[in-house]
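So the chains spell out like this:
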Amino acid sequence: MSGIRGGAYIVGAYEHPERRITGSSVPQVLAEVVHGALADAGLGPSDVDGWFGSSEQPGLGGLSMLEYLGLREVRYVEDTESGGASYPSLVGHATAAIMTNRCEVAVIAMGGLPRSLPPHRAVSGPEDPFEIPYGTSPVALYALAAARHMHDYGTTPAQLAEVKVAASEHAKHNPHALLRDPVTVAEVLDSPLVADPLHRLDCCVTTDGGGAVVVVSPEVAARLDRHRVKVLGQAEAFKHAGPAVDVTFTGAVWSGPRAFAEAGLKPADVDYASIYDSFTITVLMLLEDLGFCGKGEGGRFVADGGLRAHVGKLAVNTDGGGLCNNHPDSRGGMVKIIEAVRQLRGEANAPVQLPDVQVALVQGIGKAIGSRHFSSTLLLGQEDT
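Residues numbered from 1 in each chain as written. Predicted model: local features only at pLDDT ≥ 70, side-chain atom pairs only at ≥ 80, totals over all residues. Heavy atoms only, no water.

For helix 3 (residues 86–99), which comprises 14 residues, the first-to-last C-alpha distance of 20 Å matches the rise-based estimate of 20 Å (1.5 Å per residue) to within 8%. Taken across its 14 residues, helix 3 has 12 buried, putting it largely inside the fold. For helix 3, every residue scored as buried is listed here: Ser86, Tyr87, Pro88, Ser89, Leu90, Val91, Gly92, His93, Ala94, Thr95, Ala97 and Ile98. (Helix = DSSP H or I, 4+ residues; strand = E, 2+ residues; numbered from the N terminus. Expected span 1.5 Å × (residues − 1). Buried < 20%, exposed > 50% of the residue type's maximum accessible area, 1.4 Å probe, protein only.)

Here it is, written out as C-alpha cells:
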C-alpha cells in the first residue's frame with residue numbers, strides 16, 4: 001500500500017439542515033452533527049476513539065466537547081487549524097492515525113453560528129499590524145487575484161459569473177440551500193461591486209450550521225451495513241505571501257499533484273468535484289491548478305454551463321456550494337466532503353445526482369488566495385476504485 005490509499009473509509013456523514021439557527025449554542029450544533037453522522041454510520045458515542053476538529057470548537061483542543069458529548073473512549077485527539085482546508089486535511093490525518101493503530105473510529109466535526117453570534121476570531125498573525133491598516137480584507141485579496149488573472153489571461157467578469165450561475169442552478173434542487181433562486185450572468189454583473197472586479201453575487205454566503213463525518217478502519221467498515229467511501233489520497237500545501245507573490249495560482253498546484261499521485265489517479269479520472277467556492281475566482285483558479293484545464297483556460301472551462309451536472313465538462317458543487325447553499329462559520333471544507341460522499345453513495349438531490357460516480361475530489365482553501373493560504377486536496381472513491 002502506498003500512502004494512505006485504502007487505509008480508511010468514510011461511513012457516516014451529516015450536514016446540519018438549517019442555515020439560520022436560533023436558540024442553540026455552538027456545542028449544541030456540534031452535538032447534533034456528531035450524533036447525526038454516527039447514526040448515519042450505524043455507530044454510537046461509545047464506539048468513537050478518535051476526535052478531530054479545528055479551533056472553532058469550544059474549549060481547549062476538543063477537551064470540553066469530548067466531555068460534553070460523552071465521548072469517553074477517545075484515545076487520540078487532533079486540533080488542526082487551516083481554515084476551510086482543515087476538514088479535507090483532517091480526513092487524511094484521521095486515515096493516517098487509523099493506519100498506525102492510534103484509533104479505529106474517528107469523528108471529524110465542525111460547527112458555527114456566525115449569523116447569530118459574533119464570528120470566530122483567530123489570534124492575530126505577525127503580519128496583521130503591517131497589512132490590515134492598509135485595507136487588506138478577504139474580499140480585497142480575492143479581488144486582487146481576480147484582477148491579476150483578468151490582466152494576464154483575459155478572464156472576464158462574465159466568465160466568473162458563470163460559476164455563480166452553475167451553483168444557483170444546482171441550489172434550486174436543494175431544499176436546505178440558503179439561496180435557491182437561479183440567477184443569470186447579467187444578474188451577477190448587475191449586483192453591486194464589493195471589491196472590483198468582484199460583485200456581491202461573486203461572493204459566498206455566510207451561514208450557521210456545520211457537519212461531521214465518521215472515518216473508520218477497513219475492519220470496522222466491513223462490519224457495518226453502510227455504503228462505505230474509500231479514502232484514496234490526500235495532500236496539503238501552503239503558499240507564502242511574498243516576496244513578489246504571484247497571485248494567479250494557488251497552493252493547489254502542489255497539493256493536487258501529490259494527492260493524485262498518492263491515489264494513483266489523474267484529473268481525467270474524477271467524476272465529481274467539490275471545489276472551495278469562497279468567491280467565483282476561487283473555483284476558476286483551482287480548476288486550473290488541479291489540472292482540469294490549462295493555466296489561463298479556466299474562464300473558457302466554466303463558460304456555457306461548464307460546471308453544471310449532466311451537461312457540463314465537470315459537475316462542481318452540486319449542492320449549490322458556498323456561493324448558494326452553505327458556508328458555515330466561513331469553513332466550507334466540511335460541507336464539500338459531505339456532498340462528495342453523497343455523490344459517491346448516490347444520495348445527492350435527485351436532479352443533480354450523477355450516474356456511476358467512481359471518483360470524487362474535494363478541494364479546500366484556508367485564508368486568501370491573493371495572499372498566504374493553505375490548500376488541501378482529498379480524493380475519495382468507491383470500494384473497488
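A few words now on the pairing of strand 3 (residues 76–79). Direction of pairing for strand 2 (residues 50–53) relative to strand 3: parallel, over a ladder of four bridges. Its bridge partner being in strand 3, Phe52 is matched across the sheet by Glu78. Handedness of the crossover joining strand 2 and strand 3 through helix 2 (residues 63–69): right-handed. (Pairing = 2+ DSSP bridges. Right-handed = clockwise from strand over helix to strand, strands pointing away.)

The next point concerns the packing of helix 6 (residues 157–171) against helix 10 (residues 280–289). Between helix 6 and helix 10, the shortest axis-to-axis distance is 8 Å and the interhelical angle comes to 100°. Taken together, helix 6 and helix 10 sit at an angle that is classed as roughly perpendicular. Mapping the contact onto sequence places Leu160, Val163 and Lys164 in helix 6 and Thr280, Ile281, Val283 and Leu284 in helix 10. (Axes fitted to C-alpha atoms, helices over the stretch in contact; angles between N-to-C directions. Parallel < 35°, antiparallel > 145°, perpendicular 65-115°, else oblique. Contact = heavy atoms within 4.5 Å.)

According to the stated counting rule, one finds 18 salt bridges in the structure shown. Among the salt bridges present, the one from Lys172 reaches Glu169, with a minimum N-O distance of 2.9 Å. Judged by its relative accessible area of 15%, Glu169 is buried. One network of salt bridges, in which partners are shared, links Glu15, Arg19, Glu339 and Arg342. (Salt bridge = Lys/Arg side-chain N within 4 Å of Asp/Glu carboxyl O.)

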